[in-house]
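Single-letter residue listing:
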Amino acid sequence: MQQVVLTKQALVTGEGALQYLKNVEYHTAVIVTGGQSMARTGVLERVQKIMEKEGRQSFIFSGISKNPTKAQVLEGVEFLKEKQPDVVLAVGGGSSIDAAKVMVLFYEYPELSFENVFSAPLEEKKRKTLLIAVPSTSGTASEVTHISVITLEDQQFKAAIKTENIRPDIAILDGTIPMTLPSHIAAETGMDALTHALEAYINKSGNDFTDALAKEAIEGLMEWLPKSYEEGDLESRSKVHNYQCMAGMAFGNSGLGIVHGVSHAFGGKYNLAHGLANAIILPYSMDYNKKEAAVKKKYEKLSKILGADIIEKVKELKKSLKIPDCIAQAGVSEQQFLADFEVLTDYALKGATVVNPLPVSRQDMQKFLRCIYYGKKVDF
Ligand SMILES: [Fe+2]
């Protein structure tokens, strides 16, 4: 038996999706966002204008970094406790949405902390606030998933918090918002989405529904990501925005694999952007996973749909989006890599690697890490 959950209350898409906010009833809203980009590009102002109502107030909590940290979340929880919002609106990249999800969780359940959040049972109760997610990047699909990834800075480790209680109530996909993205961010986050779709598609916990979503997302992202990167027009950015969400609905139900296990290890250790790390690692993982018969079959199916070998297509796409070939080219020095090698191995074997369709031994992981660092072919 499998329960498939695609979204909580509403998924709003299409032209003018942001206008949905007009219908939201609230007394006090807190908008959670990242650095300066949402203010600079005028998105925050648009949001505030749409939500403006007499006698209502809204506050901004900003400064969530690209890898949101425990400290930022805890600071945000204090902000929520002080303002007592009945609507929390996360506006920004996956990091702002991930942070807002855990902030709201701790606000709703004051007994929770980073020490017990991974194990504490949670009772259903009347909620204090509605959580609305408006993504500006097209990658994590955090707006529809029950997952949040937070960096535990004291351990230099990225931990995934998974509970139904953090799935946003409303997800708004408005294609005009990712239009503000610089092209390299559109490329990296889009490759994160492609990684979600490809890992979900071969995960053994998948089913007909997740397969359908993942397959459509793979096809759509392969088609639209190049244009989204090169031209960034409304149509291509809107398409990628929708397909990344489908990829999220797929992996949120089926799980991921080795790419995410490894990229979280590198992201936690070196603050490497999540999408960039995934984009680098993805083709290596496909060469590794194709040894498994069921995966090979699925890759063959995708190759047939796309009219060319899927692994070669992904490698071409990575190149055309100007993604570095290997981790060595992404700013991690060899000295650092070698010094951290055993810790990286430990971390990379945890998380999503555990559900990779092909089991990964410690020895294989170490070979894999050398391949992705130095850019060597995966042929073991
Ligand atoms: Fe991801």
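Quantities reported herein were computed from a predicted structural model and do not represent experimental measurements.

J.: I would appreciate a short explanation of the pairing of strand 2 (residues 28-32) in the present structure.
T.: Where a strand is regular, its side chains alternate between the two sheet faces. In terms of burial, strand 2 is largely enclosed, as 4 of its 5 residues are buried. Summarising the sheet, strand 2 and strand 3 (residues 57-61) pair through 5 bridges and their orientation is parallel. Bridge pairing in strand 3 places T28 opposite Q57. Judged from the 4 bridges that link them, strand 2 and strand 4 (residues 87-92) form a sheet pairing that is parallel. Residue pairing in the sheet places V32 in a bridge with A90 of strand 4.

J.: Any chance you could explain the sheet that holds strand 8 (residues 170-172) here in plain terms?
T.: By definition, the strands of a sheet pair up through backbone hydrogen bonds, in either a parallel or an antiparallel sense. Reading across from one edge, 1-8-5-4-2-3 is the order of the 6 strands in this open sheet, with parallel pairing throughout. Two strands bound the open sheet, and with one partner strand each, they are strand 1 (10-12) and strand 3. The sheet shows a mean angle of 15 degrees between the axes of neighbouring strands, direction not considered. Relative to strand 8, strand 5 (residues 130-135) runs parallel, the two sharing 2 bridges.

J.: Would you mind going over helix 3 (residues 70-83) with me for this structure?
T.: Residue pairs three or four apart in sequence face the same way in an α-helix, which turns once every 3.6 residues. The end-to-end C-alpha separation of helix 3 is 20 Å, in line with the 20 Å expected for 14 residues at 1.5 Å each. Of the positions making up helix 3, those classed as buried are Q72, V73, G76 and L80. Viewed along the axis of helix 3, the buried residues span an arc of 95 degrees, placing them on a single side of the element. Facing away from the buried surface of helix 3 by more than 90 degrees, the exposed residues are A71 and E82.

J.: I'm lost on the domain arrangement of the protein chain in this one. Help?
T.: It is common to give the size of an interface as the accessible area that goes away when the parts come together. Along its sequence, the protein chain is organised into domain 1 (10-172) and domain 2 (183-374). At the interface, 19 residues of domain 1 touch 25 residues of domain 2. Mapped by element, the contributors of at least two residues to the side of domain 1 that touches domain 2 are strand 6 (147-152) and strand 7 (157-162).

Reading guide: rules and limits
- Residues numbered from 1 in each chain as written.
- Predicted model: local features only at pLDDT ≥ 70, side-chain atom pairs only at ≥ 80, totals over all residues.
- Buried ≥ 20, exposed ≤ 12 C-beta atoms within 10 Å, placed from the backbone.
- Helix = DSSP H or I, 4+ residues; strand = E, 2+ residues; numbered from the N terminus.
- Pairing = 2+ DSSP bridges.
- Axes fitted to C-alpha atoms, helices over the stretch in contact; angles between N-to-C directions.
- Expected span 1.5 Å × (residues − 1).
- Arc of directions from axis to C-beta.
- Domains from an automatic or database assignment.
- Contact = placed C-beta atoms within 7 Å.

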